[in-house]
Amino acid sequence: MLASALSGVAAAACAHLGSSCGSDRDCKLDRVCEAGSCVWPQGARAGAAAGAANAPVTPLPQYALEPAQAMFRLGAAHRGRSPFNLPAGKPEIAWMVATGGAVVSSPAVAADGTVLFGSHDGRLYAVGRDGAMKWSYATGDIIFGSPAIAHDGTIYIGSDDDHLYAVMASSAKPRWVFQIGACPQRIGVGPEASRCDVDAGPTVGPDGVVYTGGDGIYAINPDGTLRWRFATGGHVASAPAVLSDGTVVAGSQDDLIYGIGPDGAKRWDFRTGGDVDAAPAVGDDGTIYVGSDDRKIYALGADGTLRWAFTTGGDVRASVAVGNGMIYVGSFDAQLYAVRLDGTLAWTFRSGDRIISSALVDAKGAILFGSQDDRLYCLEPDGHLRWSVELGGDVDSSPTLAADGTIFVGSDDRKLYALRAPSAPTP
Ligand SMILES: [Ca+2]
Ligand SMILES: [Ca+2]
Ligand SMILES: [Ca+2]
């Protein structure tokens, strides 16, 4: 039911545009089509209506949500595929914002143009599209993860202080704070202090449920209550992906890739030869792509069975981008790999150092990624260099592209950069 309601792009787009519909199949979740509009069946949402004191209580929370505004890898499938176009020529640095720590976090652009990102100084920052600081919010430890912005503007951010925060832009104060796990040492470095770090995503599912990791895989309701927790044998460091049938896929430092059902029960696992610190990506046909510290990129079926594995020359920590009939991912061997969907190599591009940054593929197949050689690279669809820009430190942050062609990316030089083609019209 959930699967059929959510599987179609057309259905999602339809629901987004004023919820117009031709049949129940066009409506998200369990909503039905009545007089051309998606509505909840009579009584299903009564519990949420103001003043409905005696309304029946639904057994599981149901959220009628529009798509999230932004998140790591641009969506719950983590394809890293932008509907916009990268600059044809080398962009200039339009502005930069200095923070108190490295910016590994990947920026998220809200519907109003506000750019949100975390820093190793422990703060979540909100910057206007002109580069002016709007506000910041201090968590208790380093932020590695990227913000996600729900449809209603709620910003989710994880911190190494073992908490997931739901922050409202209007007040810059948290709506709720959820502690991940019960690790005795919350702050600082080392295995004990890191086990419950919230570095994974978070990912907002099509139904608004928030998925993240720590000492396991977590599903958290939009109201900040726990939906389920799945215990893993190792730290979960990267954002879970969500398949069209609601299966949640996440990697762990116990070397496994897990497929967890929407009810929190394990459907399958797949063993790799090393820590899985890369966020999984889901192709258009449902194939799951994920890298591992065993130097391989794995392609798995939706049931967790191996389709193929491709070996690179180093750890694969970046998330795969899917677009233009290809997947793109960087490796610690300094190379960006373009691999066809059958697992054969199309081409590679060599940067000067390790690649952790996850690539973005634009509407025409151009590719953008950062490297620890301190450069941001833009490649043509055939793998030739279009341009590169040198920043002040490692570029481990995954770049984001706004509709006007502005690129946002962080660097270990503690700055967030906005890069824009000289000829681009000002918004
Ligand atoms: Ca911690
Ligand atoms: Ca391991
Ligand atoms: Ca460097």
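Report on the accompanying structure. It should be emphasised that the depicted structure is a prediction, and the values quoted were computed from it without experimental measurement. (Residues numbered from 1 in each chain as written. Chains lettered and ligands numbered in written order. Predicted model: local features only at pLDDT ≥ 70, side-chain atom pairs only at ≥ 80, totals over all residues. Heavy atoms only, no water.)

### Focus: the pattern of salt bridges
Between side chains of opposite charge, a pair can form as their charged atoms come close. For the coordinates displayed, the defined rule picks out 12 salt bridges. In this structure, the salt-bridge partner of aspartate 284 is arginine 79, at a minimum N-O distance of 3.8 Å. Highlighted residues: aspartate 284 in the loop between β20 (281-282) and β21 (288-291) and arginine 79 in the loop between β2 (37-39) and β3 (92-98), separated in sequence by 205 residues. Classification of aspartate 284 as exposed rests on a relative accessible area of 55%. Residue glutamate 380 is joined to arginine 386 by a salt bridge in which the shortest nitrogen-to-oxygen separation is 3.0 Å. The class of glutamate 380 is partly exposed, set by a relative accessible area of 26%. (Salt bridge = Lys/Arg side-chain N within 4 Å of Asp/Glu carboxyl O. Helix = DSSP H or I, 4+ residues; strand = E, 2+ residues; numbered from the N terminus. Buried < 20%, exposed > 50% of the residue type's maximum accessible area, 1.4 Å probe, protein only.)

### Considering the coordination of the calcium ion (ligand 3)
Each protein donor to the calcium ion (ligand 3) is listed here as Gln372 (O), Asp374 (OD) and Asp394 (OD); together their distances run 2.2 to 2.3 Å. Written as a sequence motif, the donor arrangement for the calcium ion (ligand 3) is Q-x1-D-x19-D. Here aspartate 394 lies in the loop between β31 (385-390) and β32 (400-401) and glutamine 372 lies in the loop between β29 (367-370) and β30 (375-379), a separation of 22 residues in the sequence. (Donors = N, O, S within 2.8 Å, 3.2 Å for Na, K, Ca; no water.)

### Things to note about the layout of surface pockets
By volume, the second largest pocket amounts to about 800 Å³. The wall of the second largest pocket is formed by 34 residues, among which Val104, Phe144, Asp199, Ala237 and Asp277 lie closest to the centre. Of the residues in the lining of the second largest pocket, the class split is 12 nonpolar, 14 polar and eight charged. (1 Å grid on protein atoms, 1.4 Å probe; cavity = no way out; pocket = protein on both sides within 12 Å on 5 of 7 lines; lining within 4 Å. Points joined across faces, edges and corners; volume = space filled by probe spheres on them. Nonpolar A, V, L, I, M, F, W, Y, C, P; charged D, E, K, R; others polar.)

### Some words on the state of the cysteines
Enumeration over the complete set of coordinates arrives at one disulfide. Disulfide pairing places cysteine 183 opposite cysteine 196 at an S-S distance of 1.8 Å. Residues cysteine 183 and cysteine 196 are joined by a disulfide whose S-S torsion is about 70°; by sign, that bridge is right-handed. Residue cysteine 183 is located in the loop between β11 (173-179) and α3 (191-194), and its partner cysteine 196 is located in the loop between α3 and β12 (203-204); the two are separated by 13 residues in the primary sequence. (Disulfide = S-S within 2.5 Å.)

### With respect to empty space enclosed by the protein
All chains considered together, the criterion is met by two cavities of 30 Å³ or more. The computed volume of the largest cavity comes to approximately 70 Å³. Lining the largest cavity are Met71, Phe72, Arg73, Leu74, Ser106, Pro107, Leu360, Ser398, Pro399 and Thr400. Classifying every residue of the lining of the largest cavity gives six nonpolar, three polar and one charged. The volume enclosed by the second largest cavity comes to roughly 40 Å³. In terms of residue class, the lining of the second largest cavity is made up of five nonpolar, three polar and two charged.

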